[in-house]
Amino acid sequence: MVSARRTADMVHAVIAADRHAYTVHVVNRLTVAHRITVVDPLSDGEARFSASESWRNEHASLPLPAQMMRLGAERVAEARAGIHYGLLSPWPINDQNRPKTEAERAALSRIAETRAPSYAHEALGDGYYLTAVYPDVAVADACVQCHNEHPESPRTDFEVGDVMGGVVIRIPIN
Amino acid sequence: MRAILIGLLWTTVTGGVAGYLALDAEGEERKLLLPGDTTSAHYQIVEQCELCHTDGGGVAQSACAACHEDELWRMDNSHPMAKFLDPRNHAEVSILDARKCITCHTEHQPNATSTGAVTQPRDHCAACHADIAEERPSHRGLEFASCQNVGCHNFHDNRATAAAFLRAHANEPDLLADPRVPERTMYTYIASSVSTIKTMYTYIDRTDSGGQTMYTYTAEGRAPDWQGSEHARTQWALSAHARGGVGCADCHQREDTWRKNPSDAACRDCHQTATDGFFRGRHGMRAAHDLSPMSPADARLVMADDAPTEVTCTSCHGPHETSTRRAAVAACLGCHADDHSRAYLDSPHHAAWKRELAGLAPPRTGVSCATCHLPRRVAYRDGLPEVVVTHNQSLTMRPREKMIRPVCSSCHGLGFAIDALADDALVDRNFRGQPERHVEAIDMAMRADNE
C-alpha cells in the first residue's frame, strides 16, 4: 500500500516534469529558440508565436506554463479522479489563487522558509484529505518579469530563486 | 407525519406518471405536459424532452455540455465547473452549487427567470464574493445586484471587462483610426474540401449580344434529363459556385437521388463551419435536432407578417444566388421587425453599408446586420487559419457585452462600445445618436491601477 504522502510526492513529480517539459520543449522552442512565425489572417502579415495570458483569444498564442498546469488540473477535476491540485501564492495575480484554508496559509508560510514540502491533514466538506504543498521557485527571468510587471500582481520585487508560491496537491484519505 | 407521507406519495406517483406520459407522448402532445413555460432558448426544442432529461426526469450535466461546452470554452469561462469541484471551495458550493448548470439555469420557471435564462437572484455574486470591497476598494459601496449590469461583469464571459483588457483599451477614440472588419478567407478552405465534385453543368462562357447575355454550358455527370430553369442557371452562372466549379449535381444529387430542394446537409458538404454554426444558433437548432426547421411564426421576437415560413440556409442565401449581400441585410429584415431591426435602415451603420456598396467607402467599412450579428472570426481548418463568418448569431447576442470584443472592437473604442451597449434606448434606435449613460468600468480599472 502506498501512503498518501508518497502518492502526493509522485503526483508532484509528474506535474513538475510535465511543466518543465512544456516550458522548455514547447514554449521556449517555439517562441525563443526557433522564433516560429505563422500567417496572421487578421493582418495579412505574420504573427510570431508567443505564450500569453489571453491565449484563447489570440492567434499563434500558447498558454503560459502556469496556465497549462491549471488546464491539466481542471481536466483531472472534471474526470472526478479524486485528487485535486493547483498553484497558490500569497501574492497571486488572481485573488482566487490566494491561500484559503488554514492548512494552505500555514504551509505557504512554512515552505517560503524551509523550501521543503509541507504536509497536513484537512477536513473539507464531506471529505478528508492529505494536503501536500511544494515550494514553487522562480526558475527563469520570464517568471519574475511577468509577475513583477503584471498590473494585477500584488508583489513586484520577485527575484530568480525566490519561492513565489506553492503547488498544492490534495489526496483523499479515509 | 401521516400527512407528510401522503404528500410525498402523491408527489412521487403524480410526478412519475407525468414523467412517463411526457416521454411517451409525441410532438405537440408533449407541450401540454410541460411543468412550466420554457426559456426563449430551449422552447424551440421542447418536443424533445430526451435532449435534456434523463429517464428519471432529471437533467444530466452532459446534456448542457453537449450544446454549450464549446461556447463556454471559447469565451474563457470565468467560472468553469472544475473550479467548484475543488474541495477548497466546498463552502461556496454549499451556497451555490455551480458544479451543475441547472443551479442557475433552472428550466420551466418563467416567473423566476431573468435575462440570460438565469434563475438565481440578481445579487447571487455575493455568495462567493461578499468581501470584494476589501479586495478591490474601487468596488466599495456598490450593490451586488449591479455586478452584472452591462459593461461590468458576467458570470461566464468577461473577455471585454477583465481589468487588464479595460486598461489596455482605456484611451481609445469612439471610432478607431481604421474601422473595418477583417477580410474573409473562406474560399481557400472550401476549395480544399471539394474533392468529389459531381458537376452536371459547367459554365463555359458568357457573351453579350444585342442587349442579351448568353451563357454556354456543357452537361456532365448524372441526371442529364434534369435541365432546371434558365433563370436558375443564369443565377448560378453569375455565382461564386460557378466560378468555383460547383455545379447542379453537387447540391441537388445526394446518394444517387436527385432532389429538387436540397437540404442544409448539402450546404454542409462544403460549408461545414458555417452550417455547424447555424445549427448551434437559434436559427438552426431545431433542424440540428431532426425537428422541422424553425419558423418565424413560432418566434418569440417580433417578426414581419410576411416573413418566410421556415429558416434554412437558403432562406437567407437564396437557392442559387451566392452573393451574400441579401443575406447580410434584406434577409434579416424580411423576418425581424422589432424596434432595433426596423431602426437599422435609418442608422449610421446602414449609411456606412450603403457607402461601401456604392463604392464611396473602402471595402469592409460598411456595417450590415450580419457585420454585427454574424461576426467574422478566425477559425482553423486543416491547420490553416481562416477568417470565417460566424453563423451562430446567438453566440454574441445576450448578454450584450458578449459583442464588445468579437464585434464592436473592430471599429469602436472600448469605452464607447460599453456605453453604447448599456444604453437601452440607443440600442432600440440602432445606435442613431450618442450614448446617454456612462459605465465606469474603465474608470474603475484605472483607479484600481493607482490604488
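The structure under discussion appears in the preceding block.
Predicted model only: the values in this text are computed from it and were never measured.

Draft legend 1. View of the pairing of strand S1 (residues 37–40) of chain A. Residue and element names in this part refer to chain A. Examined bridge by bridge, S1 and strand S2 (residues 45–48) share four bridges and lie antiparallel to one another. Bridge pairing links Val38 to Ala47 in S2. Linking S1 back to S2 in an antiparallel pair, the connection comprises four residues, with Asp44 at a positive phi of about 65 degrees.

Draft legend 2. Region of the structure containing the interface of chain B and chain A. Contact residues are listed per partner, giving 27 residues for chain B and 28 residues for chain A. Roughly 2,500 Å² of surface becomes buried between chain B and chain A when both sides are summed, with 53% attributable to carbon and sulfur atoms. Counting the contacts that link chain B with chain A gives five salt bridges. Two residues, Arg167 of chain B and Glu152 of chain A, come together in a salt bridge whose shortest N-O distance is 2.4 Å. One can count ten residue pairs in polar contact (both at pLDDT 80 or more) joining chain B with chain A. Where the side of chain B that touches chain A is concerned, the elements lending two or more residues are helix H3 (61–74), helix H4 (81–85), helix H5 (90–95), helix H8 (163–168), strand S5 (376–381) and strand S6 (384–389) of chain B. No other element matches H4 of chain B, which puts four residues into the side of chain B that touches chain A. Looking at the side of chain B that touches chain A, its residues break down into twelve nonpolar, three polar and twelve charged.

Draft legend 3. A look at the packing of helix H1 (residues 4–33) of chain A against helix H2 (residues 65–78) of chain A. All names here are of chain A. Where H1 meets H2, the closest approach of the two axes is 10 Å, and the angle between their N-to-C directions is 135 degrees. Between H1 and H2, the crossing angle belongs to the class labelled oblique. The hand of the H1/H2 crossing is right-handed. On H2, the residues touching Ile15, Arg19, Tyr22 and Thr23 of H1 are Pro65, Met68 and Met69. Of the residues that constitute the contact of H1 with H2, the class distribution is five nonpolar, one polar and one charged.

Conventions we followed
- Residues numbered from 1 in each chain as written.
- Chains lettered and ligands numbered in written order.
- Predicted model: local features only at pLDDT ≥ 70, side-chain atom pairs only at ≥ 80, totals over all residues.
- Heavy atoms only, no water.
- Pairing = 2+ DSSP bridges.
- Helix = DSSP H or I, 4+ residues; strand = E, 2+ residues; numbered from the N terminus.
- Contact = heavy atoms within 4.5 Å.
- Buried area = accessible area lost by both parts, 1.4 Å probe.
- Salt bridge = Lys/Arg side-chain N within 4 Å of Asp/Glu carboxyl O.
- Polar contact = N/O pair within 3.5 Å; in protein donor to acceptor, adjacent residues only side chain to side chain.
- Nonpolar A, V, L, I, M, F, W, Y, C, P; charged D, E, K, R; others polar.
- Axes fitted to C-alpha atoms, helices over the stretch in contact; angles between N-to-C directions.
- Parallel < 35°, antiparallel > 145°, perpendicular 65-115°, else oblique.
- Left-handed = near helix turned anticlockwise from the far one by under 90°.

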